Amino acid sequence: MLFSTTQSPLQWLYNPIFEFLQRILLDALASGPIPNHIAFITDGNRRYARRLGKPGYEGHQAGAAALGRMIEICLRLGVHSITVFTFSIDNFRRPPVEVDALMDSFKDHFHNLSQHGGLLEAYGVQLRVLGNISLLPQQVREAAKKAEEFSQDYDKAILNIMIAYTARDEMATAVQTVVRRTLDEKSSPDLITEEDIDRELYVTSVGNPWPVDILVRTSGVKRFSDFLLWQCSEDVQVHFIPVNWPDIGFSHIFQIILDYQRKIWSRRLLSPQ
C-alpha cells in the first residue's frame, strides 16, 4: 500500500479511497515523461526517532518501510533505475550498538527482498548491492549475495543499494582499476580518459546505462554527503526536502516528478525544431 493514515475507526474507508486516488494520479504522471534514474539519500531516521522519543533502531525500521514505499511508487511510474544511499563508510564510526543494529536490519531487508512474492519478483527488479562490500559482516554479505542471485534474471528495472559507500572511495577504486589495467596492457597513462574512469564506477560497471536524472535528499540538510559526486552533473535535478526519511510520502514524490515533467516540457518548447 502506498499511503497509510493514522489508525482510526474509519481506517477501512480511508485506505481504499486514498489508494484509488493515488492510482489515478500515478497513471496521470506515468502518461508524461518519466525519469529513467532516481537516486535517494535516505537521511533523517535518527532525527525521526528522537522527535518521537523512540530508540534509534525504530527510526531505521521506519526508514526501511519508507524505502519500500518509495521503491514501489517509482516502479509503478516506470522508473528504470533506483539508487539508494543506505550506509556510508563513515557511518562505521557510530556507536557499535547502532552499527550492529543497522547490519541486522540490512540482513533482514536483503532476506525479505529475496522471498518469492516480494517486491523484486512482483516488479521484475534486479537488485545490485554496491559499495566496499568487504567492510560488511559476513552474514550481511551472504544475504546480499543471495538477494542478488535471486533477482539476477529480472530485467524490468534495477535497484542499486549503496552500502559501505562513499563517492571518494568509489572514484579512488575506479582510478586504481583503470591504472592497473593500463599498466597490465603496457599502455601510456596519458591515454586514460574520463570515460575510462566512468565505466569503472560502481553503478556503470555493472551495466546500468541510465545516468542519474533526479537526486532526492530528505531531512532538509542541503549537502551531497559524499554520494554520487562524479555522477551528479549540471543535468541532474536536485531536491532537498524538509522531512525526515521515514516521513517521505506520495505527495513528495508526486511534486518531484511533476517538477521534472515541467522542466522537460519547457525544454522541448524552447528547443529549436
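What this report covers is the structure whose coordinates are included nearby. Keep in mind the model is a prediction, meaning the values are calculated, not measured.

Observations regarding the sheet that holds strand 6 (residues 237-240)
Sheet strands line up and pair through hydrogen bonds in the backbone, either parallel or antiparallel. An order of 3-4-2-1-5-6 is seen for the six strands of this open sheet, with the pairing classed as parallel. Where the open sheet ends on each side, the last strands, each with one partner, are strand 3 (125-130) and strand 6. When strand polarity is set aside, the average angle formed by the axes of neighbouring strands in this sheet is 15 degrees. Where strand 3 meets strand 4 (residues 157-165), six bridges bridge the pair, whose relative direction is parallel. Pairing of Val-129 across the sheet is with Ile-161, part of strand 4. Together, strand 1 (37-41), strand 5 (214-217) and strand 6 form the strand contacts of helix 10 (residues 250-270), whose direction differs from that of strand 6 by roughly 150 degrees.

Re the packing of helix 3 (residues 56-77) against helix 10
Two numbers describe how helix 3 lies on helix 10: the axes approach to 10 Å, and their chain directions differ by 40 degrees. In terms of orientation, helix 3 and helix 10 fall into the oblique class. Considering only the axes of helix 3 and helix 10, their crossing is right-handed. The segment helix 3 lies against helix 10, with Met-70, Ile-73 and Leu-77 engaging Phe-250, Ile-253 and Ile-257. For the contact of helix 3 with helix 10, the per-class residue count stands at six nonpolar, no polar and no charged.

Considerations on the layout of surface pockets
Approximately 690 Å³ is the volume found for the largest pocket. Lining the largest pocket are 30 residues, with Thr-42, Asp-43, Thr-86, Asn-91 and Arg-94 positioned closest to its centre. Elements represented by at least two residues in the lining of the largest pocket include exactly helix 2 (45-51), helix 3, strand 2 (81-88) and helix 4 (96-113). Take the lining of the largest pocket: its biggest share by element is five residues, from strand 2. Residue composition of the lining of the largest pocket, grouped by class: ten nonpolar, eleven polar and nine charged.

Cut-offs used in this document
Residues numbered from 1 in each chain as written. Predicted model: local features only at pLDDT ≥ 70, side-chain atom pairs only at ≥ 80, totals over all residues. Heavy atoms only, no water. Pairing = 2+ DSSP bridges. Helix = DSSP H or I, 4+ residues; strand = E, 2+ residues; numbered from the N terminus. Axes fitted to C-alpha atoms, helices over the stretch in contact; angles between N-to-C directions. Contact = heavy atoms within 4.5 Å. Parallel < 35°, antiparallel > 145°, perpendicular 65-115°, else oblique. Left-handed = near helix turned anticlockwise from the far one by under 90°. Nonpolar A, V, L, I, M, F, W, Y, C, P; charged D, E, K, R; others polar. 1 Å grid on protein atoms, 1.4 Å probe; cavity = no way out; pocket = protein on both sides within 12 Å on 5 of 7 lines; lining within 4 Å. Points joined across faces, edges and corners; volume = space filled by probe spheres on them.

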